[in-house]
Amino acid sequence: MTFSSRPLDRRTMLRGTLAAGAGIAFGQLLFSGTAQAYSWSRTLTQGATGADVTELQIRVAGWAADSASHSRVSIDGDFGPGTAAAVRRFQAAYGLSADAEVGPNTQAKLNSLEQSDGSTLHFNWSEFVNQSDGTFNGGKLSASQVKENVRRCMYKLEALRKKLGDKPITVNSGFRSIAHNAEIGGASDSMHLYGTAADLDVPGVATKTVYQKAETCGFSGLETYTVDHQHVDSRADLGRDWWWEDGTV
């Protein structure tokens with residue numbers, strides 16, 4: 001969960017276009033392909049459907065709940081009540097009219113959280129690549145699918161950062177290849193292998209506070225806050241059961 005100035009070597013190396021198209025997430029495939037500098041072509045309201053709704057859902061997924069809840073924004077291209085509620089929370093957090101109408105002002109704010117290479121305002125691809133080779137290769141999914149999952153994680157982390165009072169977040173570990181994960185003793189089916197997980201440090205903020213805010217961000221996997229970092233993941237998006245290690249909700 002995090003941002004600020006970072007080295008550009010890996011970032012430059014990883015620049016590239018995400019595969020085109022915006023699909024609905026199925027099982028282990030979290031891939032909509034989308035959009036650097038997304039072009040919104042219409043105002044979106046509840047009842048709308050389509051690829052632009054899918055992209056909206058990805059970008060507001062971190063605003064899934066007001067309090068600890070096993071709630072997530074479905075990435076299905078259907079603007080229903082859950083998406084509307086997430087949009088209202090996003091709008092309120094950024095000083096917009098919280099009417100769940102995604103018009104020019106809300107679209108501009110959504111786009112302001114995106115960098116030109118498809119990463120997000122406070123997170124870079126270089127923070128999430130496999131630490132042994134600096135790529136998204138060698139995991140449980142293709143590199144393009146992993147990269148899309150990382151992008152989705154970034155938007156949830158943007159929400160978490162905002163909820164923590166805009167505190168910078170350090171990503172200690174993002175995607176891992178199968179080989180690197182085995183080298184460091186990771187679980188054989190770790191969510192890091194899919195690009196859906198991140199281990200975080202937020203200087204000056206208690207890990208328990210990070211955990212509690214993450215409970216509102218649609219993360220379906222949370223490691224207990226008694227360790228020296230905070231693990232978050234989106235395993236429910238892969239069809240897995242929710243796992244919050246402190247046992248709440």
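The residue numbering used here restarts from 1 in each chain and proceeds along that chain's sequence as written. Only residues with pLDDT of 70 or above have their local features reported here, since the model is predicted, and side-chain atom pairs are shown and tallied only from 80 upward, although totals for entire chains, interfaces and linings are computed over all residues. By convention in this description, side-chain values take in all heavy atoms of the structure and omit both hydrogens and water.

An unreviewed UniProt entry lists the chain under the name D-Ala-D-Ala carboxypeptidase family metallohydrolase, with Streptomyces sp. 900105755 as the source organism.

## Observations regarding the environment of Ile 178
Secondary structure elements are defined from DSSP: runs of H or I of at least 4 residues count as helices, runs of E of at least 2 residues count as strands, and each element is numbered from the N terminus. Looking at the element boundaries, Ile 178 is found in helix H6 (residues 178–183). When the C-alpha atoms of Ile 178 and Lys 140 are compared, they prove to be 7.3 Å apart, with 38 residues separating the residues in sequence. Among residues more than four places away in sequence, those in contact with Ile 178 are Gly 138, Gly 139, Lys 140 and Leu 193. Contacts are assigned to residue pairs with any non-hydrogen atoms lying within 4.5 Å of each other.

## Looking at helix H3 (residues 81–93)
To estimate the expected span of a helix, count its residues, drop one, and scale the result by 1.5 Å. The end-to-end C-alpha separation of H3 is 18 Å, in line with the 18 Å expected for 13 residues at 1.5 Å each. Only protein chains enter the accessibility calculation, which uses a 1.4 Å probe; a residue whose area is less than 20% of its type maximum is buried, one above 50% is exposed, and one in between is partly exposed. Residues of H3 that are buried: Thr 83, Ala 84, Ala 86, Val 87, Arg 89, Phe 90 and Gln 91. If you follow the buried residues of H3, they end up packed against helix H2 (51–60) and helix H4 (104–112). Taken from the residues just after H3, Gly 95 is the one with a positive phi, measuring 75°.

## Thoughts on the pattern of salt bridges
Every case where a carboxyl oxygen of Asp or Glu lies within 4 Å of a side-chain nitrogen of Lys or Arg is listed as a salt bridge. For the coordinates displayed, the defined rule picks out 15 salt bridges. The shortest N-O distance in the salt bridge between Arg 59 and Glu 114 comes to 3.3 Å. Taken together, the residues span a long stretch of sequence, with Arg 59 in helix H2 and Glu 114 in the loop between H4 and helix H5 (143–163) at a distance of 55 residues. A relative accessible area of 2% places Arg 59 in the buried class. Overlapping salt bridges, with partners in common, bring together Glu 55, Arg 59, Glu 114, Glu 148, Arg 151 and Arg 152 in one network.

## Points about unusual backbone geometry
Unusually for a residue other than glycine, Ala 100 sits at a positive phi of about 65°. By secondary structure assignment, the location of Ala 100 is in the loop between H3 and H4. On the accessibility criterion, Ala 100 (6% relative accessible area) is buried. Despite not being glycine, Asp 166 shows a phi value in the positive range, around 60°. Secondary-structure assignment places Asp 166 in the loop between H5 and strand E1 (170–173).

## Quick look at the environment of Ser 190
Along the chain, Ser 190 turns up in the loop between H6 and strand E2 (197–201). Along the backbone, Ser 190 and Lys 140 are 50 residues apart, and their C-alpha atoms lie at a distance of 9.6 Å. With sequence-adjacent residues up to four places away left out, Ser 190 is seen in contact with Arg 176 and Asn 181.

## Considerations on the sheet that holds strand E3 (residues 221–222)
Taken together, five strands build an open sheet; the order of strands is E1-E2-E4-E3-E5 and the sheet is mixed. Lying at the two open borders of the sheet, with one neighbouring strand each, are E1 and strand E5 (243–244). One requirement defines pairing of two strands: DSSP has to find at least two bridges between them. Sheet analysis places E1 next to E2, joined by three bridges and oriented antiparallel. Across the sheet, residue Ser 173 finds its bridge partner in E2, namely Asp 199. The axes used here are C-alpha line fits, helices contributing only the stretch in contact, and every angle between their N-to-C directions lies in the interval 0 to 180 degrees. Strands E3, strand E4 (230–233) and E5 of the sheet are contacted by helix H7 (residues 207–214), whose axis makes an angle of about 15° with E4.

## Side note on the packing of H2 against H3
The interhelical angle for the contact between H2 and H3, taken along N-to-C directions, is 55°, at an axis separation of 10 Å. Between H2 and H3, the angle is such that the two are oblique. With respect to the hand of their crossing, H2 and H3 are arranged in left-handed fashion. Here Leu 56, Gln 57 and Val 60 of H2 lie close against H3, whose contacting residues are Thr 83, Ala 86, Val 87 and Phe 90. Of the residues belonging to the contact of H2 with H3, the class tally is five nonpolar, two polar and no charged. Here is the rule for angles: anything less than 35 degrees is roughly parallel, anything more than 145 is roughly antiparallel, 65 through 115 is roughly perpendicular, and the remaining ranges are oblique. Here is the rule for handedness: rotate from the far helix to the near one, and if that takes an anticlockwise turn smaller than a right angle the crossing is left-handed, while a clockwise turn gives right-handed. Residue polarity is assigned by list, with Asp, Glu, Lys and Arg as charged and Ala, Val, Leu, Ile, Met, Phe, Trp, Tyr, Cys and Pro as nonpolar; anything else, Gly included, falls into the polar class.

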